[in-house]
Amino acid sequence: MVSDLRVAFAGTPDFAAQALGAILAAGYTVPLVLTQPDRPAGRGMKLMASAVKQLALAHGLDIDQPERLRTDEQRARLKEARPDVLVVAAYGLILPPEALVLPRLGCLNIHASLLPRWRGAAPIQRAIEAGDAETGITIMQMDAGLDTGPMLLRREIDITLEDTAASLHDKLAHLGADAIVEALARLAAGDLPAAEAQPTQGVTVARKISRIEAEIDWRRPAINLARQIRAFNPFPGSFGQIRETTVKLWTAHTVPEHGEPGSILRADAAGVVVACGEDALCVTELQRPNSRRMTAAEFLNGFTLAAGERFAPSAA
């Protein structure tokens, strides 16, 4: 039997759209969808609807796209929708206390980490970058803090040595969609576990990824740089500078070789091996400006690199 729970939704990117799709597939009434205003995108910089808006339109749902939720007028549509609960996933806007109290049963957030580790904007990337062995999804009762609310459900997943931000995002989006449907079903049935306060120890903040971080500092250990490359794939993409050319590095692994940091030890179809502060990186997928991603063999056909050449030191 489908619950009569009225579930409003707030989210913007693909991660959130998967959760909304699962909520709709489970048969819940969604009286309102909040998503960020359309933004310019693509080469033509045309206004583009978010993934959540596109899904909501396809299902004929009511949509609101306020710039903020600070005023009574900006919150009016949410109030009029009379939701029992508001599910929030990667919305991108802060919900003030006045918005948090509008749903009868409060607001549930789908957060892509095992809280309290990696509160904030980029939990997927920071978990990979830090070398974490696992991450997961936390369904949290929202409060006025930054991902500080009490926890209702946690679901774990391993981080493999092949995971990039893109692949881990997709795994967590699926896990989050399943977890929120479970949480809503248990909420409707009255058997959702009591909210558990987050531990005060183990708190880390996943600050937003900036393009400034993307340049490779070859003085760092190769294992750290390999993690960075995976964490910043697909955005913003790690890069190095050689012969005044920006070269993006998409796939790499460590090798037990040594040399002056930034110097190329060898370059062939198997990869471009670059010395680091500890060990070396074997880069197997690269991209030069105005080109596509290429295997090392393809890249070297059009941009020759040789042992002894050196990537420029990081500007950071």
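Residues numbered from 1 in each chain as written. Predicted model: local features only at pLDDT ≥ 70, side-chain atom pairs only at ≥ 80, totals over all residues. Heavy atoms only, no water.

1. A look at the pattern of salt bridges
Note that side chains of opposite charge can pair when their charged atoms are close.
Part 1 of the argument: Per the stated rule, a full pass over the model turns up 17 salt bridges.
Part 2 of the argument: R117 is the partner of D132 in a salt bridge, and the nearest nitrogen-oxygen pair spans 2.8 Å. In this pair, D132 sits in the loop between α5 (123-129) and β9 (134-141) while R117 sits in the loop between β7 (107-111) and β8 (119-120), placing the two residues 15 residues apart along the sequence.
Part 3 of the argument: On the accessibility criterion, D132 (15% relative accessible area) is buried. (Salt bridge = Lys/Arg side-chain N within 4 Å of Asp/Glu carboxyl O. Helix = DSSP H or I, 4+ residues; strand = E, 2+ residues; numbered from the N terminus. Buried < 20%, exposed > 50% of the residue type's maximum accessible area, 1.4 Å probe, protein only.)

2. A look at the pairing of strand β12 (residues 238-242)
Part 1 of the argument: Counting buried positions along β12 gives four out of five residues, so the element sits mostly inside the fold.
Part 2 of the argument: Relative to strand β13 (residues 245-255), β12 runs antiparallel, the two being bridged by five bridges. Residue pairing for β13: Q241 is matched across the bridge by T246.
Part 3 of the argument: Here β12 folds back onto β13 in antiparallel fashion, the turn holding two residues, of which R243 has a positive phi close to 50°. (Pairing = 2+ DSSP bridges.)

3. Re the nonpolar core
Part 1 of the argument: Residues F9, I23, I110, I137, I139, I180 and L184 are the most contacted members of the largest nonpolar core, which totals 49 residues.
Part 2 of the argument: Ranked by residues supplied to this core, first place goes to helix α6 (residues 165-189) with eight residues.
Part 3 of the argument: Non-local contacts of I139, meaning those with residues more than four positions away in its chain, are made with L108, N109, I110, M151, L152, L153, A179, I180 and A183.
Part 4 of the argument: Counting residues in hydrophobic clusters, the runner-up holds 24 residues, among them A226, I264, C276 and A296. (Core = buried A, V, L, I, M, F, W, Y, C linked by side-chain atoms within 4.5 Å. Contact = heavy atoms within 4.5 Å.)

4. Digging into the packing of aromatic side chains
Aromatic ring pairs are reported here in terms of the distance separating the ring centres and the angle at which the planes meet.
Part 1 of the argument: Per the counting criterion, the structure on display carries two aromatic pairs.
Part 2 of the argument: Ring centres 5.1 Å apart and planes at 35° place the aromatic pair W218 and F311 in the tilted group. Residue W218 is located in the loop between β11 (205-206) and α7 (222-231), and its partner F311 is located in the segment after α8 (296-302); the two are separated by 93 residues in the primary sequence. A single burial state applies to W218 and to F311, both of which are buried.
Part 3 of the argument: Each ring, one from F299 and one from F303, has its centre 5.4 Å from the other, and the planes form 45°; the classification is tilted.
Part 4 of the argument: Take F299: its relative accessible area is 0%, and that puts it in the buried class.
Part 5 of the argument: Its guanidinium or amino end placed over the ring of F303, R243 lies 4.6 Å from that ring's centre, counting from NZ or CZ.
Part 6 of the argument: Above the plane of the ring of W250 lies R293, whose end atom (NZ or CZ) is 3.6 Å from the centre. (Phe/Tyr/Trp six-rings, centres within 6.5 Å; stacked < 30°, edge-to-face > 60°. Lys NZ or Arg CZ within 6 Å of the ring centre and 35° of its normal.)

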